[in-house]
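# A look at the structure
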Amino acid sequence: MIAIMIGLMSAECVWGFEYTGSVTSWQKTDQYIEFNLSNGLFRLYPLESGVYRFRYARKSFSSVPSYAVIKTQEKWSDFTFQEYEDHFLLSDHFLTIRVTKSPCRIRISDKQGRIINQDDDFLGVAFDEDEVRCFKTLYPNENFYGLGEKTGELNKRGNHYTMWNTDFPAYSFTHDPLYVSIPFLIGIRDQQAYGIFFDNTYKSTFNLGAGSSRFYWFGAEKGEMDYYFIYGPEIKTIIKSYTNLTGKIPMPPMWALGYQQSKWSYYPDETVTALAAKFRQRNIPCDVLYLDIHYMDGYRVFTWDPLRFPDPKKLTDELADQGFKLITIIDPGVKADSHYTAAKEGLEQNLFATYPDGEVYQGEVWPSWAYFPDFTNPATRDWWGNKLNGLIQQGVDGFWNDMNEPAVWGQSFPDMVRFNGNGYPTNHKQIHNVYGLEMARATMDGIRKHSQQRHLVVTRAGYAGIQRYAAVWTGDNVSSEDHLRLACLMPQGMGLSGLAYTGSDVGGFIGVPSPALYVRWMQLGVFTPFFRGHSAVNQQDKEPWAFGDYIEDIVRRTILMRYNYIPFLYNEFHQSHLTGLPIMRPLFLNFQYDPECYTSKAQYQFMVGENLLVAPVVSEKENFKEIYLPEGQWLDLNSFKVYPGNQWISQAVPLDKIPLFLKAGGIIARQSSQNYIGERKLDTLEFHIYPASASDYELYQDDGQSYAYENGTYSLTRIKVEQNKTTTIQVTEPYHQYDTGRKYYQFNVFYAQSPHRITVKNNQNSVVLREDDLKQGFRYDSRSRVICLTIPAGQDSEIQIR
Ligand code: MIG
C-alpha cells in the first residue's frame, strides 16, 4: 500500500505505466536543451519560431536518422530560455513553452497567454515496456484533422486510429488502417490551429478522444516519443512548416495532369493500342494508359509476357504516336525462381530482406513465393533503379507501385525479418510503415539517374514524406455512394497532411457503378489532382463509353473540362511544389475563421487553390445540392449569377452539372481542350477574371516534361486587376526563360453591364477597341455578362474597361 502511494506521489510508476518523472539536471547545447529526468531523458530542440521537436527516451537516444524529415537543423537561437524555481520558460516570437520540473510536463501558450497545447498534468509522457505514449489535455471544443489517408469524416475527433500500412480491399466508410501512415495531426480550437508530427515508424496510435474526454494521446509500440510541435495559428502555416520538414511534391510531368485510364488488366498489346485508338476515335481526352500485373511474364517484375507483349518498345512507340504515355505496375515481390535474373542478382548481391539467421525471407504474393527487396539498403535501391531503367529504355513513362505495404497473402509479414535500415540494422516492426516510402524513393532516384524526362510514380503505401516521390491513390475502393464520398474526403485529409497529389479509382475499383454514380465520380475526378479511372479484374467495363451514348457524351464533356483547366491546375501543382499547400483543399483551409466551413455538410465541397469552389454531387440520386458559399462574392460558373457569400444556397444539379464558383478577385488560366496534353501548340491562353477591388495572379509555365525548370527555364505571367470606376487589367511577363510559344492572351472578364469603352495600351500604342470585332475589338455576351477580348502576348499590356 505504501509502495503504491509513493508510486502515485512521485508519478513515475503506476500499475505498469512508467512516467518520465522530474527534472534532475539540465544542460543546453547548440542544438537542444537536454533534461535528465528521474525516469528518462528529454530533449527539446528549438528549430525555428513556433517549431519545436520534443524527444523522450528511457535510457538513451537512438541515432537512427528520420525517414521522413529531410530538413537539417539550422542554427537558430532567436529565443530565450530561463530557469525558475519550479519550471523553465522558453520563449520565442510566437510562443512560450513552460516546462515544469516536478513532474516534467509541457505547456505551450501563445503571446496572449492562451494555452495552445499541454501535457495531461498527471500522465504526460509514459512508457510501458517498449511502448511510448504522450497524453495531451483534450479540450471540449478541440477538433482534429489530417492523419493522411484516413476514412470517415474530415474531423477525426472521438476516433482511434492506427498507423500500420494495410492492404484492405473494399474498405468501409470508417475502416482503419489503410495503406498509408502519416502520423501528422492538426488540432484546432476556437479556429486556432497547431500541428503535431509524431515521427515514429513503428505501429502507432492516435486516440483522439475515443473512450475518454480527459485526454487525447498518441504513442507507438516501440521507439522514441519523438514529436514536432508546429504552431499556426494559421493551418496554412502549419502545412508549410510540416512540408518544410518532410518535403514537397516534385513537379509532375504535365501529362500526368491529364485523364488516365487503367484496368486490371489490359492485354495483349493489341488491346492496348485498340484502347488508345478508341479514345481518339471518340474524342475523349486521355493521356495515360496503365498495364496491371498481367503484362509481366508470370508476375516477374521487370519482365514482359512474351506472348502478350512480344515487343514492348514497339508498343510504347505506337502509343507515343497516338499521344499516350504508358505506366506499368511494379510490385515489390521478386519471384523466387532460380532461372530469373532479378532473383539471381538479388540473392548474389544480398539485396533481399532475410530472417535473423540469414535465410532469405519469402512471402507469398502474385508471383507465388517471392523475395522482398530491402529498400532500406542503399545498394538495393540503386539496383532497383537500374532494373527500372530497362523499362525506361523501352519507353515506359512511369511506375505504379502496388502491394508495397508490404502486403503478403495472410497479411502477416513476419516481425523479425531483418532490414538494413540504411546502415542501422533493424527488423520489420520498424520498417513496415516506411517500406513503401523507400521503394518509391528507389523508384524516383532511378528515374532521376536514368532519364532527363520527368516520369510519374504512383504508390499505394507510404509514410510521412511520400509526397517527395509519388502520387498516392486511395487503393481498392468500391463502386458505391459511400466511396464516392470518400473519394471527396480522403484527398482533402491527405492534402492537409502534405500529400497534395492524390486521387481515387474513379468509378470504383470493385463492383459496378450506376451510370449516374460513374458520371458524378468523373465530375469529382476533374478537380481531384490524380485523375484515373481504374477497375478490378473480371468486372464489367468501366471505360467512358461503357454506359451508353448519353453517359459517354456527358463524360466526354466532363473530361474535356479537365483539359480546359490544365494551365490553372499545373500552376496549382507548382504552388504546391513550392509551398506544400494542397491543390484540393477543405473549405476551412481557406476560410479558417468561418465555423460553417467545418460542418459535416460543408466537407463535401472543396476549394481548388485560393478562389475556385467546387461542390461535387456525391450522390447518385439527388437532384439538388445545398452549397455553402463563404465570405465574399461568388460567381456561379454555370449560370453566371453572382451570389453574396456567408450563406447556404440550393441548386438543381442535373446529371451534367458540376457546381463551380469563382470568388470575386479570382483569376483562372485556361486553354482550349485537346485530346492529350501537347497534342498541338495552343497559341491562345485564356484568363477568366472575376474582378474585385484589387487582385492578382501569377501563372507559372515550363516545358512540362524535362527538369530544365530546376535551372530556371520557366516563365511567369502576372495579371493585376483593379476595379473602382474603371477596371484595369495589367499583364506583364516578368520572367520568361521558357518560350511558351503563346501568341495571344484572351481575357474573359465578368462585367455586370455592357462596357462603354475599352482601351488597350502597350509600349507602342494605345487602341480603343471596337465591339463585336474579335480581332480589333471585344465582344460582350449580355447573357453571361462576360467581356471577351484578345490581345497579343509577349509584351506588357494594360486593359482599361469603363
Ligand atoms: O491484390 O494488381 O490496389 O489497383 O489492380 C490486388 C492488381 C493487387 C491491388 C491494387 C489494384 C490492382 C491490383 N492490386
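Here the structure is shown first, and the text comes after it.
Before going into details, it helps to say that this report is about the structure given with it. Here the residue index of a chain counts from 1 through its sequence in written order. Given that this is a predicted model, residues contribute local features only at a pLDDT of at least 70 and side-chain atom pairs are listed and counted only at 80 or more, while totals for whole chains, interfaces and linings are drawn from all residues. In computing side-chain properties, one takes all heavy atoms of the structure into account and sets aside hydrogens as well as water.

## Points about the sheet that holds strand S44 (residues 660-663)
Sheet architecture is open: six strands sit in the order S37-S38-S39-S44-S41-S42, paired in antiparallel fashion. Lying at the two open borders of the sheet, with one neighbouring strand each, are strand S37 (584-586) and strand S42 (642-644). Between one strand and the next, the sheet's axes are offset by a mean angle of 35 degrees, whatever the strand orientation. Alignment of strand S38 (residues 606-608) against strand S39 (residues 612-614), held across three bridges, turns out to be antiparallel. When the sheet's bridge partners are listed, Phe606 is paired in S39 with Val614. Here, any two strands with at least 2 DSSP bridges between them count as paired. Numbering of helices and strands runs from the N terminus, with a helix taken as a DSSP run of H or I at least four residues long and a strand as a DSSP run of E at least two residues long. Simply put, an axis is a line fit to the C-alpha atoms, just over the touching stretch for a helix, and the angle between two N-to-C directions goes from 0 to 180 degrees.

## Points about the packing of helix H6 (residues 378-393) against helix H8 (residues 435-450)
Between H6 and H8, the shortest axis-to-axis distance is 8 Å and the interhelical angle comes to 55 degrees. One finds that H6 runs oblique with respect to H8. As H6 runs across H8, the sense of the crossing is right-handed. Packed against H6, whose contacting residues are Arg381, Asp382, Trp384, Gly385, Asn386, Leu388, Asn389, Ile392 and Gln393, the element H8 presents Glu438, Met439, Arg441, Ala442, Thr443, Gly446, Ile447, Lys449 and His450 at the interface. Each residue is assigned to one of three groups, with Ala, Val, Leu, Ile, Met, Phe, Trp, Tyr, Cys and Pro labelled nonpolar, Asp, Glu, Lys and Arg labelled charged, and all others, Gly among them, labelled polar. Taken together, the residues that form the contact of H6 with H8 break down as six nonpolar, seven polar and five charged. Roughly parallel refers to an angle under 35 degrees, roughly antiparallel to one over 145, roughly perpendicular to one between 65 and 115, and oblique to any angle outside these ranges. By convention, the crossing between two helices is left-handed when the near helix turns anticlockwise from the far helix through less than a right angle, and right-handed when the turn is clockwise. Contact criterion: two residues are considered in contact whenever any of their non-hydrogen atoms come within 4.5 Å of each other.

## Quick word on the packing of helix H10 (residues 515-526) against helix H11 (residues 549-564)
Contact geometry of H10 with H11 gives a least axis separation of 9 Å together with a crossing angle of 5 degrees. Judged by the angle between their axes, H10 and H11 are roughly parallel. Of H11, the residues touching H10 (which contributes Pro515, Tyr518, Val519, Met522, Gln523, Gly525 and Val526) are Ile551, Ile554, Val555, Thr558, Ile559, Met561 and Arg562. Grouping the constituent residues of the contact of H10 with H11 by class yields 10 nonpolar, three polar and one charged.

## A closer look at the site of the ligand
Any residue with a heavy atom lying within 4 Å of a molecule or strand is counted as near it. Lining the immediate surroundings of the ligand are 13 residues, of which Asp292, Asp402, Arg460, Asp476 and His534 lie closest. Within the side chain of Asp402, a nitrogen or oxygen atom sits 2.7 Å from a nitrogen atom of the ligand. Between the ligand and the protein, one listed contact pairs an oxygen atom with a side-chain N or O atom of His534 at 2.9 Å. For the ligand, whose unbound accessible area comes to 350 Å², protein coverage reaches 95%. Broken down by class, the residue content of the shell around the ligand amounts to eight nonpolar, one polar and four charged. Whenever a nitrogen or oxygen atom comes within 3.5 Å of another N or O atom, the pair is scored as a polar contact, on the condition that within protein one atom can donate a hydrogen and the other can accept it, and that pairs from neighbouring residues in sequence are kept only if both atoms are in side chains. Residue burial considers only the protein chains on display, and all accessible areas are found by Shrake-Rupley using a 1.4 Å probe.

## Some remarks on the nonpolar core
In terms of nonpolar packing, the biggest core is built from 211 residues, with Trp384, Phe687 and Phe747 touching the most fellow members. Look past the residues within four positions of Phe747 in its chain and what remains in contact with it is Phe687, Ile689, Ile719, Ile729, Val731, Ile787, Cys788, Leu789, Ile791 and Ile799. We call a set of buried Ala, Val, Leu, Ile, Met, Phe, Trp, Tyr and Cys residues a nonpolar core when their side-chain atoms join them within 4.5 Å. Remark: exposure states derive from per-residue accessible area (1.4 Å probe, protein chains only) relative to the maximum for the residue type, with buried under 20%, exposed over 50%, and partly exposed in between. Of all hydrophobic cores here, the second largest spans 44 residues; its members include Tyr56, Leu185, Phe198 and Ala220.

## Quick notes on the environment of Gly436
Considering the arrangement of structural elements, one finds Gly436 in helix H8. Looking at Gly436, the relative accessible area reads 0%, which means it is buried. Distance from Gly436 to Val180, taken between C-alpha atoms, is 8.6 Å for residues 256 residues apart in sequence. Gly436 has contacts with Asn404, Ala461 and Ile466, leaving out every residue within four places of it along the chain.

## Regarding the pattern of salt bridges
Only one rule defines a salt bridge in this text: a Lys or Arg side-chain nitrogen within 4 Å of an Asp or Glu carboxyl oxygen. Under the defined criterion, the tally for this structure stands at 47 salt bridges. The salt bridge partner of Lys75 is Asp30, with a shortest N-O separation of 3.7 Å. With a gap of 45 residues between them, Lys75 in the loop between strand S6 (51-57) and strand S7 (80-83) and Asp30 in the loop between strand S3 (23-28) and strand S4 (33-37) connect regions that are remote in the sequence. The exposure class of Lys75 is exposed, given its relative accessible area of 75%. Measuring nitrogen to oxygen at the nearest pair gives 3.3 Å for the salt bridge that ties Arg460 to Asp167. A residue pair is termed long-range when its members are at least 10 positions apart, and Arg460 in the loop between strand S31 (456-459) and strand S32 (462-463) and Asp167 in the loop between strand S15 (160-163) and strand S16 (180-181) qualify at 293 residues. The class of Arg460 is buried, set by a relative accessible area of 2%. According to the relative accessible area criterion, Asp167 is buried, its value standing at 10%. One continuous salt-bridge network, built from bridges that share partners, spans Arg282, Glu552, Asp553, Arg556, Arg557 and Asp656.

## Things to note about the packing of aromatic side chains
Whether two aromatic rings pair depends on their centres lying within 6.5 Å, for rings of Phe, Tyr and Trp, where Trp uses its six-membered ring; planes under 30 degrees apart make the pair stacked, over 60 edge-to-face, and the rest tilted. Inspection of every chain in the model, using the stated rule, returns 70 aromatic pairs. Between Phe375 and Trp384 the ring centres are 4.9 Å apart and the planes differ by 90 degrees, which places this aromatic pair in the edge-to-face class. The residues Phe375 and Trp384 share a single accessibility class, namely buried. Residues Phe687 and Tyr697 carry aromatic rings whose centres are separated by 6.4 Å and whose planes lie at 80 degrees to one another, so their mutual orientation is edge-to-face. Here Phe687 is found in strand S46 (residues 684-689), whereas its partner Tyr697 is found in strand S47 (residues 694-701), with 10 residues between them in sequence. The buried category is assigned to Phe687, whose relative accessible area is 0%. Taken together, Phe302, Phe352, Tyr355, Tyr361, Tyr371, Phe372, Phe375, Trp383, Trp384, Phe413, Phe419 and Tyr435 form an aromatic cluster joined through their ring pairs. Here, over-ring charges are defined by two tests on the NZ atom of lysine or the CZ atom of arginine: distance to the ring centre within 6 Å, and angle to the ring normal within 35 degrees. Lying across the ring of Tyr707, Arg448 places its NZ or CZ 3.6 Å from the centre. Across from the ring centre of Trp473, 5.2 Å away, lies the NZ or CZ of Arg532, which sits over that ring.

## What to know about the environment of Gly390
Within the element layout of this structure, Gly390 appears in helix H6. As for Gly390 and Pro233, which are separated by 157 residues in sequence, their C-alpha atoms are 49 Å apart.

## Remarks on the side chain of Glu405
Structurally, Glu405 is set in the loop between strand S28 (398-401) and strand S29 (418-419). We classify Glu405 as buried; its relative accessible area is 0%. Within the structure, the side chain of Glu405 is placed 2.8 Å from the side chain of Arg460, a separation counted as a polar contact. Contacts of Glu405, omitting those with residues within four sequence positions, involve Asn165, Thr166, Asp167, Tyr179, His432, Tyr435, Arg460 and Ala461.

## Brief notes about the sheet that holds strand S23 (residues 288-291)
Within the open sheet, the nine strands sit side by side as S34-S33-S31-S28-S24-S23-S22-S36-S35. Their pairing is parallel. This sheet does not close on itself; its edge strands, each paired only once, are strand S34 (502-503) and strand S35 (505-506). The strands touched by helix H3 (residues 269-281) within the sheet are strand S22 (260-261) and S23, with S23 carrying the most contacts at an inclination of about 155 degrees.

## Let's talk about H6
The span expected for a helix works out to 1.5 Å for each residue beyond the first. Between the first and last C-alpha of H6 there are 23 Å, a value that for 16 residues agrees with the 22 Å anticipated at 1.5 Å per step. Of all the residues in H6, the buried ones are Thr380, Arg381, Trp383, Trp384, Gly385, Lys387, Leu388, Asn389, Leu391 and Ile392. Lining the buried residues of H6 we find strand S24 (325-330), strand S25 (334-335), helix H5 (341-348), S28 and H8. A positive backbone phi angle near 95 degrees is found at Gly395, which sits one or two residues after H6.

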